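Single-letter residue listing:
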Amino acid sequence: ELGFVLLMFLSGMEIDFRSFRRTDSHQVRPSSRWSPLSVAVLNFGATLLLAGAFAWGLKWIGATTDSWMMGLILSTTALGVVVPILKEAGLSQTLFGQTILLATVIADFTTMFLISVLVAVVSRGLTAEILLVFLLFVAFFFAARFGSFLSRIESLQKVIAELSHATAQIKIRAAFSTLLIFVVLAETLGIEIIVGAFLAGAIVALLRTPEDRELSNQLEAIGFGFFIPIFFIMVGVDFDLPALLSSTGALLSVPLLLTAAVAVKMIPAFVFRLNHTWREALAAGILLCPRLSLIIAAAAIGEKLGIIDASVNAGIVLV
């Protein structure tokens, strides 16, 4: 579970808030009338509608018992895959790269939020307790504002700089403290801990400076070097292949799920044509297709709640 939490935490850290405020002027076409945010929101809206349609179809043929959860599962995108590719291709600071990054962040963030609301409804019913989800976002806002205030105190920054090396490693401790506080807060409020972990990572991403590259490298070393592989090992250990092989319906659902997973990303990606070429729109659709941690997490949550059976969960992991 700690590996799982760290994976979502590092996914939140991948968000480069500064890149949303900078655009490479050479990449903006005179005909570009749509902002990256507008295109990203349109893309996710179309994805959600199409995923819902596929989910209802899968429910109709008996491949799933809950179309709402399946629709959200199909809507996810792997932020941890998109960000490194954009960086490697040198596109992260361009209009095209920012639009893809925004579309990915919106997909990850919104699906996690909606999954949390759905889990709350299934677990406790449609009650006022669902509003507790918003308390986590209020905490995120205040933590970000408080951290921003502290970052402007020069004397404090000097002390932190002195304590960031050798045995103190105050920034690493602060990052882990933020992570654990938000995970515990999410657990206390009855929200899935993935949301708390992701928000904690987003706070670190929001507050870090260009000089904090070493901090990011150290946190990635701790996560990807030890804890996160344990999570993926356990995904393999828990992969219920016998349940998948024993169910003809589940086996038949795998190519259907794979087709749906590709289609719900490729078709809505054509909204990128509003600002970009057909080639770029196709490239955006391909890049938005990969899933990684969130789809596995959502499927596991669905199985735990009893709205996804073991064979369907195995099919989703296989996809």
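Structure: above.
Cut-offs and rules
Residues numbered from 1 in each chain as written. Predicted model: local features only at pLDDT ≥ 70, side-chain atom pairs only at ≥ 80, totals over all residues. Heavy atoms only, no water. 1 Å grid on protein atoms, 1.4 Å probe; cavity = no way out; pocket = protein on both sides within 12 Å on 5 of 7 lines; lining within 4 Å. Points joined across faces, edges and corners; volume = space filled by probe spheres on them. Helix = DSSP H or I, 4+ residues; strand = E, 2+ residues; numbered from the N terminus. Nonpolar A, V, L, I, M, F, W, Y, C, P; charged D, E, K, R; others polar. Axes fitted to C-alpha atoms, helices over the stretch in contact; angles between N-to-C directions. Parallel < 35°, antiparallel > 145°, perpendicular 65-115°, else oblique. Left-handed = near helix turned anticlockwise from the far one by under 90°. Contact = heavy atoms within 4.5 Å.

Student: I tried to follow the layout of surface pockets on my own but got confused; where do I start?
Tutor: Left-over empty space is what a probe sized like a water molecule reveals as it rolls over the atoms. Estimated volume of the largest pocket: approximately 950 Å³. Forming the boundary of the largest pocket are 32 residues, of which I160, K171, A174, L207 and L215 lie nearest the centre. Of all the secondary-structure elements, those providing two or more residues to the lining of the largest pocket are α6 (132–151), α7 (154–162), α8 (170–189), α9 (193–207) and α10 (213–238). For the lining of the largest pocket, the element with the highest residue contribution is α8, accounting for eight residues. Across the lining of the largest pocket, the residue classes break down as 18 nonpolar, nine polar and five charged. Its boundaries defined by the atoms lining it, the second largest pocket holds a volume of some 750 Å³. Around the second largest pocket sit 23 residues that line it, and E1, F4, F231, A300 and I301 are the ones nearest its centre. Mapped onto the lining of the second largest pocket, the elements with two or more residues apiece are α10, α14 (293–305) and α15 (310–318). In terms of residue count, α14 provides more of the lining of the second largest pocket than any other element does, six residues in total. Grouping the amino acids of the lining of the second largest pocket by side-chain chemistry returns 14 nonpolar, two polar and seven charged.

Student: I would appreciate a short explanation of the packing of α8 against α10 in the present structure.
Tutor: The description of two packed helices rests on the angle between their axes and on the distance between the axes. Relative to each other, α8 and α10 sit at 60°, their axes nearing to 10 Å. The angle between the axes of α8 and α10 places the two elements in the oblique class. In this structure, α8 crosses over α10, and the sense of that crossing is right-handed. Contact residues: α8 offers K171, I172, A175 and F176, while α10 offers L215, Q218, L219 and I222. Of the residues that constitute the contact of α8 with α10, the class distribution is six nonpolar, one polar and one charged.

Student: What am I meant to see in empty space enclosed by the protein here?
Tutor: This model, assessed by the stated rule, comprises two cavities of 30 Å³ or more. Within this model, the largest cavity holds a volume of roughly 50 Å³. Taken together, M8, S11, T77, A78, L79, G80, D108, L292, S293 and L294 make up the lining of the largest cavity. Of all the secondary-structure elements, those providing two or more residues to the lining of the largest cavity are α1 (2–13), α4 (79–88) and α14. Broken down by class, the residue content of the lining of the largest cavity amounts to five nonpolar, four polar and one charged. Approximately 40 Å³ is the volume found for the second largest cavity. If you trace the second largest cavity, you find it lined by I73, L74, L257, A261, I295, I316 and V319. For the lining of the second largest cavity, the secondary structure elements donating two or more residues are α3 (67–75) and α12 (248–266). Residue composition of the lining of the second largest cavity, by class: seven nonpolar, no polar and no charged.

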